[in-house]
Amino acid sequence: MPGIAEFVAVTLDCPEPPVLAAFYAAVTGGEVTYDTPEASAVKLPSGPDVYFQGVAGHRPPTWPEGERPQQFHLDFYVDDLDKAEETVTGLGGARPDFQPGGDRWRVLTDPAGHPFCVCLRQN
């Protein structure tokens, strides 16, 4: 049965949309296609676009548990976990202490505190 809709983007709430748009464009090699203080967008080289909307008083999710669950997260394939972590932290992201992935993936956070995973590409 054919669907009635096409999935085109995911939108993240955040305190500063331009900051996250620049971060995810740098991490993915994507292009910032819309950029205002209230909302920004990144066209990814593959997959859906990522949009960012400003929310006053935004509080990041707590990881791995706590009063503000993450509710969802993004996953990205990478060729080298250490290099990915170095790039992400150099762009203002972070590596939380809790790491459930062993040697196949790593949990990182963007500058607004959203957890996401970098996963080793399966060749």
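Please read all numbers here as calculations on a predicted model, not as lab measurements.

**Considering the overall build of the protein chain**
In terms of helices and strands, the protein chain carries two helices and seven strands. The order of α-helices and β-strands along the protein chain, N terminus first, is β-α-β-β-β-β-α-β-β. Its C-alpha atoms give the protein chain a radius of gyration of 15 Å, near enough to 14 Å, the size a compact globule of 123 residues would have. Over its C-alpha atoms, taken along the principal directions, the protein chain stretches across nearly 40 × 35 × 30 Å. For the protein chain, the residues scored as buried account for 35% of the 123 residues in total. On the protein chain, the mean spot of the 8 positive side-chain charges and the mean spot of the 18 negative ones are 5 Å from each other.

**With respect to the UniProt feature "domain: VOC" (unreviewed entry) in the protein chain**
According to UniProt, the "domain: VOC" (unreviewed entry) feature falls on residues 6–121. Strand forms 33% of residues 6–121 and helix 19%; the C-alpha atoms that close the span are 26 Å apart.

**A few points about the side chain of Glu85**
With respect to the helices and strands, Glu85 occurs in helix α2 (residues 81–90). A polar atom in the side chain of Glu85 sits 3.1 Å from the side chain of Arg95. When neighbours within four sequence positions are excluded, Glu85 is seen to be in contact with Arg95, Arg106 and Leu108.

**A short note on the pairing of strand β7 (residues 115–120)**
Consecutive residues of a regular strand have side chains that alternate between opposite faces of the sheet. Where burial is concerned, most of β7 is hidden: five out of the six residues are buried. Bridge analysis of strand β5 (residues 74–78) against β7 gives five bridges, and the strand direction is parallel. Counterpart to Val78 in the pairing with β7 is Leu120. Sheet analysis places strand β6 (residues 105–109) next to β7, joined by five bridges and oriented antiparallel.

**Things to note about the pattern of salt bridges**
This model, assessed by the stated rule, comprises seven salt bridges. Note that Arg121 and Asp79 form a salt bridge whose closest N and O atoms lie 2.9 Å from each other. Of this pair, Arg121 sits in the segment after β7 while Asp79 sits in the loop between β5 and α2, and the two are 42 residues apart along the sequence. For Asp79, a relative accessible area of 61% puts it in the exposed group. Between Glu85 and Arg95 there is a salt bridge, with the nearest N and O atoms lying 3.1 Å from each other. Residue Glu85 is found in helix α2, and its partner Arg95 is found in the loop between α2 and β6; the two are separated by ten residues along the sequence. On the basis of relative accessibility, which here comes to 39%, the residue Arg95 falls in the partly exposed class. Sharing partners across several salt bridges, the network here consists of Asp82, Glu85, Arg95 and Arg106.

**Things to note about the environment of Ala84**
Examined against the element boundaries, Ala84 turns out to sit in helix α2. Classification of Ala84 as buried rests on a relative accessible area of 12%. When the C-alpha atoms of Ala84 and Ala26 are compared, they prove to be 11 Å apart, with 58 residues separating the residues in sequence. Setting aside residues no more than four positions away along its own chain, Ala84 makes contact with Val78, Leu108 and Val118.

What counts, and where the lines are drawn
Residues numbered from 1 in each chain as written. Predicted model: local features only at pLDDT ≥ 70, side-chain atom pairs only at ≥ 80, totals over all residues. Heavy atoms only, no water. Helix = DSSP H or I, 4+ residues; strand = E, 2+ residues; numbered from the N terminus. Rg over C-alpha atoms; globule rule 2.2 N^0.38 Å. Buried < 20%, exposed > 50% of the residue type's maximum accessible area, 1.4 Å probe, protein only. Lys, Arg positive; Asp, Glu negative; His and termini not counted. Charge placed at Lys NZ, Arg CZ, Asp CG, Glu CD. UniProt positions renumbered as here; feature names shortened; annotations may be inferred. Polar contact = N/O pair within 3.5 Å; in protein donor to acceptor, adjacent residues only side chain to side chain. Contact = heavy atoms within 4.5 Å. Pairing = 2+ DSSP bridges. Salt bridge = Lys/Arg side-chain N within 4 Å of Asp/Glu carboxyl O.

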